[in-house]
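# Coordinate analysis (summary)
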Amino acid sequence: MFFENNDKSFFSFTAPNPSEEATQSIDDALDESVNEEESDGSVTINVNGKYIHCLTIIGQIEGHYTLPNTTKTTKYEHIIPRIVAIEENKDVSGLLLVLNTIGGDIEAGLAIAELISGMKKPTVSIVLGGGHSIGIPLAVSAKKSFIVPSASMTVHPVRMNGLVLGVPQTMSYLKKMEERVVGFIERNSKIKADRFRELMLNSDELISDFGTVLLGEEAVKEGLIDSVGSLSDALECFAQMIEEKRVSDEQDFNF
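Below you will find a few notes about this structure. (Residues numbered from 1 in each chain as written. Predicted model: local features only at pLDDT ≥ 70, side-chain atom pairs only at ≥ 80, totals over all residues. Heavy atoms only, no water.)

## So, the nonpolar core
The biggest cluster of nonpolar side chains holds 56 residues, and the ones touching the most others in it are Leu-96, Val-124, Met-153, Val-155, Phe-196 and Leu-224. When sequence neighbours within four positions are dropped, the list of residues in contact with Leu-96 reads Ile-52, His-53, Cys-54, Leu-55, Val-124, Ile-126, Leu-231, Ala-234, Leu-235 and Phe-238. (Core = buried A, V, L, I, M, F, W, Y, C linked by side-chain atoms within 4.5 Å. Buried < 20%, exposed > 50% of the residue type's maximum accessible area, 1.4 Å probe, protein only. Contact = heavy atoms within 4.5 Å.)

What follows is the structure, given as structure tokens:
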């Protein structure tokens, strides 16, 4: 974020930084395009002269029902229009997705993940702390994914809150929901659906649930995440992806 110099001393003067002014103007343009009333923790950064928008997915992903004020949430009605604005803004070269989430609403999470996976601009995700549950499709939705060594990802079966009817239709619905999640993960990562289901139905690890907790290196070995890395690795990847896209665009133009 950017802070103005409040020192009004006669002898104090800070010349404006053109790069910071340009970055702030892009942030303002994105805010205006989605008409948000509150900050969602996103910011635009300058990477080797190219502007990258950093979007955070934190806490619990809120769906069609509003969660209590005591719960940190990511609201899909804020995130979706911002992603559209990033894709359409010619001054923004890519999207950096930073995740530290316990999961949340499946359909809201899948909607965000599908939108990111369909972007033409370079996209990179990095898992910090945790990328659990529906956070997994979000992590793999980017063209390149990273996880820090200390982060973890919990794979578990689909769950339902509220009233559940003990009828065959309920099990059929859960099965279809599981197929949507597993299918997306298989299409956007290196893990196979059968292996993901094995991790999902593991009964030997969690105390009161089915599933598997994968640490950073394990998530990479299983094929969920591309690489173990930090913020600097993600930014270096961006520079490479932007250059490759520039070369590809030039070749298409010359052709």
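Right, picking up where we left off after that structure.
## Quick look at the side chain of Ser-189
You can see Ser-189 is positioned in the loop between helix H5 (168-188) and helix H6 (193-200). Note on Ser-189: relative accessible area 16%, which makes it buried. Polar side-chain contacts of Ser-189 include one of 2.6 Å to the backbone oxygen of Ile-185. At a separation of 3.5 Å, a polar atom in the side chain of Ser-189 contacts the main-chain amide nitrogen of Ile-191. Each residue touching Ser-189, except ones within four places of it in the same chain, is listed here: Val-140, Gly-223 and Leu-224. (Helix = DSSP H or I, 4+ residues; strand = E, 2+ residues; numbered from the N terminus. Polar contact = N/O pair within 3.5 Å; in protein donor to acceptor, adjacent residues only side chain to side chain.)

## Here we look at the packing of aromatic side chains
For any pair of aromatic rings, geometry is given as the distance between the ring centres together with the angle between the planes. Within the structure shown, the criterion is met by 0 aromatic pairs. Against the face of Phe-146 rests Lys-144, its NZ or CZ located 5.7 Å from the ring centre. (Phe/Tyr/Trp six-rings, centres within 6.5 Å; stacked < 30°, edge-to-face > 60°. Lys NZ or Arg CZ within 6 Å of the ring centre and 35° of its normal.)

## Describing the layout of surface pockets
What the largest pocket holds in volume is close to 820 Å³. Taken together, 32 residues line the largest pocket, and the ones lying closest to its centre are Gly-104, Asp-105, Ile-106, Arg-159 and Asn-161. Counting only elements with at least two residues in the lining of the largest pocket, the list comes to strand E2 (50-62), strand E4 (92-104), helix H3 (106-117), helix H4 (135-140), strand E7 (152-155), H5 and H6. Looking at which element gives the most residues to the lining of the largest pocket, the answer is H5, with 5 residues. Of the residues in the lining of the largest pocket, the class split is 19 nonpolar, 9 polar and 4 charged. (1 Å grid on protein atoms, 1.4 Å probe; cavity = no way out; pocket = protein on both sides within 12 Å on 5 of 7 lines; lining within 4 Å. Points joined across faces, edges and corners; volume = space filled by probe spheres on them. Nonpolar A, V, L, I, M, F, W, Y, C, P; charged D, E, K, R; others polar.)

## Section: the packing of helix H2 (residues 76-88) against H3
With their axes 10 Å apart at the nearest point, H2 and H3 run at an angle of 10 degrees to one another. With respect to their mutual orientation, H2 and H3 come out roughly parallel. Across the interface between the two elements, Tyr-76, Ile-79, Ile-80, Ile-83 and Val-84 of H2 pack against Ala-108, Ala-111, Ile-112, Leu-115 and Ile-116 of H3. Grouping the constituent residues of the contact of H2 with H3 by class yields 10 nonpolar, no polar and no charged. (Axes fitted to C-alpha atoms, helices over the stretch in contact; angles between N-to-C directions. Parallel < 35°, antiparallel > 145°, perpendicular 65-115°, else oblique.)

## Observations regarding the pairing of strand E5 (residues 123-131)
Within E5, 7 of the 9 residues are buried, which leaves the element mostly enclosed by the surrounding structure. Across 6 bridges, the pairing between E4 and E5 is parallel. Paired with Thr-101 across the two strands is Gly-131, which belongs to E5. Remark: the E4/H3/E5 crossover connection has right-handed handedness. Two elements, E5 and strand E6 (residues 144-147), share 4 bridges in a ladder whose sense is parallel. (Pairing = 2+ DSSP bridges. Right-handed = clockwise from strand over helix to strand, strands pointing away.)

## Description of the packing of H3 against H5
Contact geometry of H3 with H5 gives a least axis separation of 12 Å together with a crossing angle of 25 degrees. Regarding the angle of H3 to H5, the classification is roughly parallel. The way H3 lies across H5 gives a crossing that is left-handed. Note on element contacts: H5 touches H3 through Tyr-173, Met-177, Arg-180, Val-181, Phe-184, Arg-187 and Asn-188, opposite Ile-106, Glu-107, Leu-110, Ala-113, Glu-114 and Ser-117. Class assignment for the residues of the contact of H3 with H5 results in 7 nonpolar, 2 polar and 4 charged. (Left-handed = near helix turned anticlockwise from the far one by under 90°.)

## Observations concerning H3
Given a rise of 1.5 Å per residue, 12 residues ought to cover 16 Å, and the 16 Å separating the end C-alpha atoms of H3 matches this to within 8%. Of all the positions in H3, only Ile-106, Ala-108, Gly-109, Leu-110, Ile-112, Ala-113 and Ile-116 are classed as buried. Residues of H3 that are buried make contact with E2, H2, E4, E5, H4 and H5. For H3, the N-terminal capping position is held by Asp-105, with its side-chain oxygen 3.2 Å away from the main-chain nitrogen of Glu-107. (Expected span 1.5 Å × (residues − 1).)

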